[in-house]
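Residue-level listing of the chains:
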Amino acid sequence: MTRRSDSYLPVPGEEKSLDVEFVKSEAKSHESIPMRKIYADEGSPMYPRLGPYFSDGRRRVDYVLTYHIQKPSSTGHRSSKVTETNFIRRLRRSLSMRGSKAPLQPKDDPEIVAQEQQGSYHEDDKRFRREEFEENLLDMGLEMEKDEQGHFPSIGFLKIHAPWNILCREAEFMKLKMPTKKVYDVKQGSNLVEKIRLFIHKVTGPLHPKVDDNQPQHIKSLSHPFSREKQHLFDLSDKDHFFDSKTRSSIVYEILKRTRCTKAKYSMGITSLLANGVYAAAYPLHDGDIEGPDAPTNDRKLLYEQWASYSVFYKYQPIGLIRKYFGEKVGLYFAWLGVYTQMLIPASIVGVIVFLYGCATVDDNIPSMEICDPRNNITMCPLCDHACSYWKLMTACGTARASHLFDNPATVFFSVFMALWAVLFMEHWKRRQMRLNYVWDLTGFGEEEEEEHKDHNRAEYEVRVMQKSTKKEHSLPQGEKVKLTCTDRLPAYLTTVVMMGFMITATFAIVFGVILYRISIKTALHVSTYPAARSNVRATVKTTAAIIYLIIIIVLDEIYAAVARWLTTLEVPKTDKSFEERLIFKTFILKFVNAFTPIVYLAFFRGRLVGRPGKYLYVVGSYRMEECAHAGCLMELCIQLCITMLGKQLIQNNLFEIGIPKLKKLLQRKKSELDPKQQEELNKSLQAYEKDHILCPFIGINPEYMEMIIQFGMVTLFVASFPLAPLFALLNNIIEIRLDAKKFVMELRRPIAAKAKDIGIWYNLLRGLSKLAVIVNAFVIAFTSDFIPRLVYQYTYSPDGTMHGFINHSLSYFNVSDFEPGTDPVEPLNLGYKVEICRFKDFREPPWSSSPYDLAKVFWVVLAARLAFVIVFQNVVMLMSDFMDWLIPDIPKDISLQMHKEKILMVELFMKEEQGKRLSARDNHDHDYGNAPSANISPPQPRSRQANCY
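The structure presented is a predicted model; accordingly, all values stated were derived computationally and were not measured.

**Student:** Before we go on, may I ask you to explain the overall build of the protein chain in this structure?
**Tutor:** Counting its secondary structure elements, the protein chain contains 31 helices and 15 strands. Counting every position in the protein chain, which comprises 950 residues, the buried fraction comes to 48%. In the protein chain, the share of contacts with a sequence separation of at least 24, taken over all contacts with a separation of at least 6, comes to 81%. Accessible surface, the protein chain as shown: approximately 48,200 Å² in total, 59% of it carbon and sulfur.

**Student:** Just to check I follow, could you spell out helix α15 (residues 409–439) for this structure?
**Tutor:** Turn by turn, an α-helix covers 3.6 residues, leaving residues three or four places apart pointing in a common direction. The end-to-end C-alpha distance of α15 is 45 Å, a good match for the 45 Å that 31 residues give at a rise of 1.5 Å each. Burial analysis of α15 places 23 of its 31 residues in the buried class, the great majority of the element. One side-chain oxygen of the residue at the start of α15 lies 3.0 Å from the amide nitrogen of Ala-410, identifying that residue as Asn-408. The positive-phi residue at the C-terminal boundary of α15 is Asp-441, with phi of around 60°.

**Student:** Got a minute to help me understand the state of the cysteines in this structure?
**Tutor:** Here a disulfide denotes one covalent bond, and it connects the sulfur atoms of two cysteines. The full count for this structure, using the stated rule, is 3 disulfides. At a sulfur-sulfur separation of 1.8 Å, the disulfide partner of Cys-372 is Cys-397. With the S-S bond torsion at 95°, the cross-link from Cys-372 to Cys-397 turns out right-handed. Of the two residues, Cys-372 is situated in helix α13 (residues 366–372) and Cys-397 in helix α14 (residues 397–404); the sequence distance between them amounts to 25 residues. Between Cys-384 and Cys-388 runs a disulfide, and the two sulfur atoms are separated by 1.6 Å. With the S-S dihedral at roughly 95°, the linkage between Cys-384 and Cys-388 falls on the right-handed side. In this pair, the class of Cys-384 matches that of Cys-388, namely buried.

**Student:** Just checking my understanding: could you explain the side chain of Thr-716 for this structure?
**Tutor:** Mapped onto the fold, Thr-716 is located in helix α25 (residues 702–717). Residue class for Thr-716 comes out buried when judged on its relative accessible area of 2%. At 2.8 Å, the side chain of Thr-716 forms a polar contact with the backbone oxygen of Phe-712. If near-sequence neighbours (up to four positions away) are discounted, Thr-716 is found in contact with Trp-421, Ala-773 and Asn-777.

**Student:** I keep staring at the nonpolar core and nothing clicks. Help me out?
**Tutor:** Among the nonpolar cores identified, the biggest contains 114 residues, and Trp-336, Tyr-340 and Phe-718 are the most heavily contacted of them. Ignoring sequence-local partners within four residues, the contact set of Phe-718 consists of Phe-596, Ile-599, Val-600, Ala-603, Phe-604, Leu-637, Leu-641, Gly-713, Val-776, Asn-777 and Val-780. Ranked by size, the runner-up nonpolar core spans 45 residues in total, among them Leu-158, Ala-171, Leu-176 and Tyr-279.

**Student:** Honestly, the packing of α15 against helix α30 (residues 857–887) in this entry has me stumped. Any pointers?
**Tutor:** When two helices pack together, their arrangement is given by the angle between the helix axes and the distance between those axes. Between α15 and α30, the shortest axis-to-axis distance is 10 Å and the interhelical angle comes to 30°. Between α15 and α30, the interaxial angle falls into the category roughly parallel. As for how α15 packs across α30, the hand of that crossing is right-handed. On α30, the residues touching Val-412, Ser-415, Val-416, Ala-419, Leu-420, Val-423, Leu-424, Glu-427 and Lys-430 of α15 are Phe-869, Phe-873, Val-877, Met-880, Ser-881, Met-884 and Asp-885. Split by residue class, the contact of α15 with α30 holds 11 nonpolar, 2 polar and 3 charged.

**Student:** Would you mind going over the pattern of salt bridges with me for this structure?
**Tutor:** Pairs can form between side chains of opposite charge once their charged atoms are near each other. Applying the stated rule across the entire model yields 38 salt bridges. For the salt bridge of Arg-169 with Glu-170, the shortest nitrogen-to-oxygen distance reads 3.0 Å. You can call Arg-169 partly exposed: its relative accessible area is 25%. Note that Asp-740 is salt-bridged to Lys-743, the shortest N-O span being 3.8 Å. Separated by 3 residues within a single helix, Asp-740 and Lys-743 lie in helix α26 (residues 725–747), roughly one turn from each other. Across this residue pair, the class does not change: Asp-740 and Lys-743 are buried. Within this structure, Glu-427, Lys-430, Arg-767, Asp-885 and Asp-890 form a network of salt bridges that share partners.

**Student:** Explanation requested: the UniProt feature "transmembrane region" (unreviewed entry) in the protein chain in the structure shown.
**Tutor:** Look at the UniProt record and you will see "transmembrane region" (unreviewed entry) annotated at residues 333–357, 410–426, 493–519, 539–563, 583–604, 708–731, 772–793 and 858–877. For residues 583–604, helix accounts for 100% and strand for 0%, while the C-alpha atoms at its two ends are 30 Å apart. This span, residues 708–731, is 71% helix and 0% strand, and a straight line between its end C-alpha atoms measures 13 Å.

**Student:** Would you take a moment to explain the packing of helix α21 (residues 576–605) against α25 for this structure?
**Tutor:** Taken N-terminus to C-terminus, the directions of α21 and α25 make an angle of 35°; their axes are 11 Å apart at the nearest point. The chirality of how α21 crosses α25 is right-handed. Contacts from Glu-580, Ile-584, Thr-587, Phe-588, Lys-591, Phe-592, Ala-595, Phe-596 and Ile-599 in α21 reach Asn-702, Met-706, Ile-709, Ile-710, Gly-713, Met-714 and Leu-717 in α25. Residue composition of the contact of α21 with α25, grouped by class: 11 nonpolar, 3 polar and 2 charged.

**Student:** Honestly, the pairing of strand β6 (residues 219–225) in this entry has me stumped. Any pointers?
**Tutor:** A regular strand carries its side chains on alternate faces of the sheet. In terms of burial, β6 is a largely internal element, 5 of the 7 residues being buried. As defined by bridge partners, strand β5 (residues 177–185) adjoins β6 across 6 bridges and the pair is classed as antiparallel. In the sheet register, Tyr-184 faces β6, and the bridge partner there is Lys-220.

**Student:** It is not clear to me how the environment of Glu-135 should be interpreted in this structure. Could you clarify?
**Tutor:** By the element assignment, Glu-135 lies in helix α4 (residues 121–139). Linking Glu-135 and Cys-261, residues 126 residues apart in sequence, is a C-alpha distance of 9.6 Å.

**Student:** Hey, could you run me through the packing of aromatic side chains in this one?
**Tutor:** For the structure shown, the criterion picks out 49 aromatic pairs. Centre to centre, the rings of Phe-425 and Phe-712 are 5.9 Å apart; their planes meet at 40°, and the pair counts as tilted. A residue pair is termed long-range when its members are at least 10 positions apart, and Phe-425 in helix α15 and Phe-712 in helix α25 qualify at 287 residues. Summarising the burial analysis for this pair, Phe-425 and Phe-712 share the class buried.

**Student:** Looking at this model, I keep getting lost on unusual backbone geometry. Mind explaining?
**Tutor:** A negative phi angle characterises most non-glycine residues, just as the trans form characterises most peptide bonds. Notably, Lys-175 is not glycine yet its phi reads approximately 60°, a positive angle. On the secondary structure map, Lys-175 appears in the loop between α5 (164–174) and β5. Of the residues examined, Lys-175 reaches a relative accessible area of 37% and is grouped as partly exposed.

**Student:** What exactly am I supposed to notice about the side chain of Asp-740 here?
**Tutor:** Classification of Asp-740 as buried rests on a relative accessible area of 0%. With residues near it in sequence (within four places) discarded, Asp-740 still touches Tyr-333, Phe-334, Leu-337, Glu-657 and Glu-704.

**Student:** What exactly am I supposed to notice about a nonpolar patch on the surface here?
**Tutor:** The grouping of Leu-192, Ile-196, Phe-199, Ile-200 and Val-203 at the surface amounts to a nonpolar patch, some 520 Å² of accessible area in total. The class for Leu-192 is exposed, based on a relative accessible area of 63%.

**Student:** Mind showing me how you'd approach the confidence of the model for the protein chain here?
**Tutor:** Any region with low pLDDT has predicted coordinates that should not be read closely. Put simply, the protein chain has an average pLDDT of 78, and 79% of its residues get 70 or more. Within the protein chain, the element-level pLDDT minimum falls on helix α1 (residues 20–29), averaging 36, and the maximum on helix α12 (residues 328–361), averaging 93. Note on residues 40–50: pLDDT under 50 across the span, and 36 contacts to partners over four residues away in sequence or across chains.

**Student:** Please explain the environment of Leu-321 as it appears in this structure.
**Tutor:** Counting through the fold element by element, Leu-321 comes out in helix α11 (residues 319–326). Residue classification places Leu-321 among the buried positions, given a relative accessible area of 9%. In this view, Leu-321 contacts Val-211, Asp-299, Leu-302 and Leu-303; residues no more than four positions away in its chain are not counted.

**Student:** What's the story with the environment of Thr-568 in this structure? I'm lost.
**Tutor:** Mapped onto the fold, Thr-568 is located in helix α20 (residues 537–571). Sequence-wise, Thr-568 and Glu-580 are 12 residues apart; in three dimensions their C-alpha atoms are separated by 8.8 Å. Discounting chain neighbours no more than four positions away, the residues touching Thr-568 are Pro-573, Phe-579, Arg-582, Leu-583 and Lys-586.

Rules of the game
Residues numbered from 1 in each chain as written. Predicted model: local features only at pLDDT ≥ 70, side-chain atom pairs only at ≥ 80, totals over all residues. Heavy atoms only, no water. Helix = DSSP H or I, 4+ residues; strand = E, 2+ residues; numbered from the N terminus. Buried < 20%, exposed > 50% of the residue type's maximum accessible area, 1.4 Å probe, protein only. Contact = heavy atoms within 4.5 Å. Areas by Shrake-Rupley, 256 points an atom, 1.4 Å probe, with all protein chains shown as cover. Expected span 1.5 Å × (residues − 1). Polar contact = N/O pair within 3.5 Å; in protein donor to acceptor, adjacent residues only side chain to side chain. Disulfide = S-S within 2.5 Å. Core = buried A, V, L, I, M, F, W, Y, C linked by side-chain atoms within 4.5 Å. Axes fitted to C-alpha atoms, helices over the stretch in contact; angles between N-to-C directions. Parallel < 35°, antiparallel > 145°, perpendicular 65-115°, else oblique. Left-handed = near helix turned anticlockwise from the far one by under 90°. Nonpolar A, V, L, I, M, F, W, Y, C, P; charged D, E, K, R; others polar. Salt bridge = Lys/Arg side-chain N within 4 Å of Asp/Glu carboxyl O. UniProt positions renumbered as here; feature names shortened; annotations may be inferred. Pairing = 2+ DSSP bridges. Phe/Tyr/Trp six-rings, centres within 6.5 Å; stacked < 30°, edge-to-face > 60°. Patch = residues over 30% accessible without salt bridge, like charges linked within 9 Å, V, L, I, M, F, W, Y side chains within 5 Å. pLDDT = per-residue confidence, 0-100.

Next comes the structure, spelled out in structure tokens:
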């Protein structure tokens, strides 16, 4: 193997002939080199066309690396041969260059040449790096086989297999918990909660997926970290299946991450090699085919039938099988999504009941009846300057009746219910997560193991450290470790702060632009000569503005995701975990602001910064700030939430995740010169690793989490204005689960099985949103709806204790002679009389009082009541939430008992093992003395020191 100190030259093509004597002599001197890296021969009789195996048909392909190759036109079929000759060629070339009289110049180094000229040497440089990396993999004990004669002319495939001894070594090093021969009965809990859970489990039996489990649910194997010294504890009767495909691929991936390529300017691992194009892709294989009657039964096919099919949408997910196939991290995501979807069912039922209550009581609502009563001849002030005219309050009858559907006393109860629902959801998930940790043997997955499995330094961080150490090579004290400090990252941090501020400001500016659009289009429709446009001004403005907001949100979501990744890359986080958490935080902030800024404006700012007739507030010159309808802004808030939720779910889920992949496949079929039958035959002839190469690369589950977290915010933050939000979320999630399942099983490459004992930072975001939801809903009820003004009127100002007269009480008077010049209507409404007084919604003194148009006393009473409601609502709900959090234990009692039982059984197992070892040693000792002659039997004498001297 060529070492780091060896010199070498790039060679554009492979040598066609070798000195036979040299090859023989070199082969003799390197007999210890394992001959395990071969080229697959398509003509081999044991060559399995569709199986995920080597050409011998026995060794399973655990991992695949792909790379780009440049083939000369005259290249023919390559026969199967041992590629150890590559090593010999490089060694011979190195020795010949050392024996040359001309010294090796720095410019001959391929890395320098590749930097100076991006020519033919660039591919040779990549090839040399690959060869060194692959030789290092051979030294690690892996077995490899190349295939450069597949259906992809420019793609080479490196198949990797981990032998049994390597799997055992790495499993011990990674401290993988494996099931032992010892099994025990899992006793179910005897308390009321567990009995209810078991009863529900039995009742919902038909809803469970038909996944064959070799071991009954009430029996569990005792698991222990694998050890080669204690192999007798494990059931090794079937070594081929003791480590499943998920475990094997994760073991190989750990080896790939540890193996370095040191010939480059910087030490490079598999991530750096992928980033620099040395390898094009790296992925484990799926278990097998899905479709077709001849497809053998495997976990992938089982997942497709029992999980990824829309015909089983009503069933539970096979979480255990998902974890077995994709790993704990993906399994926890789908388990969390399943719990979230289940918890949406009671929230949806209560939300529908609240909505139906509003529908049933709309005809009994006195304020809306007063607005719709034509006998109340109330003339309202114009909604815009100059172009708008006076209007009758009864024209807002439809909006008032519709607002009652969402603005009624039941919405207050629903807000309290949803706040407690969020707490119950979090507690239920913690208990479910703890149960999964026990079943999946993750209870002992501690911080040290997390560091060992996840916290490998990122390639970008290592490159930066190498650059820094090169610059400060002579100034650093000997032995001091180089690392990136806050000072090194300061420019990146400043860039992040500036860019985040700019993006948030841009979001505010875009929302402000849509506000100006609403004002302009309202004025334009009012002066329109088209009667239909003038009669539907409010509906047109609301709907078009909400659709514009939706389009902006979807477009900015994609932009913000790319910006967040770029900013996180600039910061050069040390580990993958740190990179992921920083990326999640930035993406969440930007997408949260993007999704909720227009909603916050409608809920808390629209109609507040308006002014009054004769003294309106203007922005950007002559744009008068828009007012709420008489029934309040709650209806517009409801419309915005409805369109945003439905639009994001339909467009982002259906169009992006279903439509675009199908469109790409359709375009590929049209570009292909093959007819459908030929295409089908080609797909059948592809190898397993070639089929997986066609699939889309797995980019992580963070986008799926982010989508659900934003939806959770929509469901909880403004649920007081839209009780049907949980129902829409439930319907979306039923489709989303099967859509994601189909994507994971059929359209994506198999991800690396990553261990995780929780959902990480996402739990903290969920908890923060649930706390924020209490405050937001308190302000929505108090300031956006008319719930508090109605209560104040009914119990303070109403003469008979009812809501009769509330509409007249909530309207102030304005003398039209007090309009500012040029703002009065050009075409007053033809009422048959001259308008002298118009009304507007506010609590102000009448024009005939001593202080006209000042805020009236009732305004301050209502404001005090609103603030008091916010304080009381927030503290009461928070107290109830904390009480429920304290009342419900995080760990189920039966799981706690079983974990304690496992520890006792483990101790007993090792005690029996030690006793067995002592008895065995005693028997051997007695046997040795029993076979010795009696005359020679004597007690052992201590050896003198002189006996030990030589």
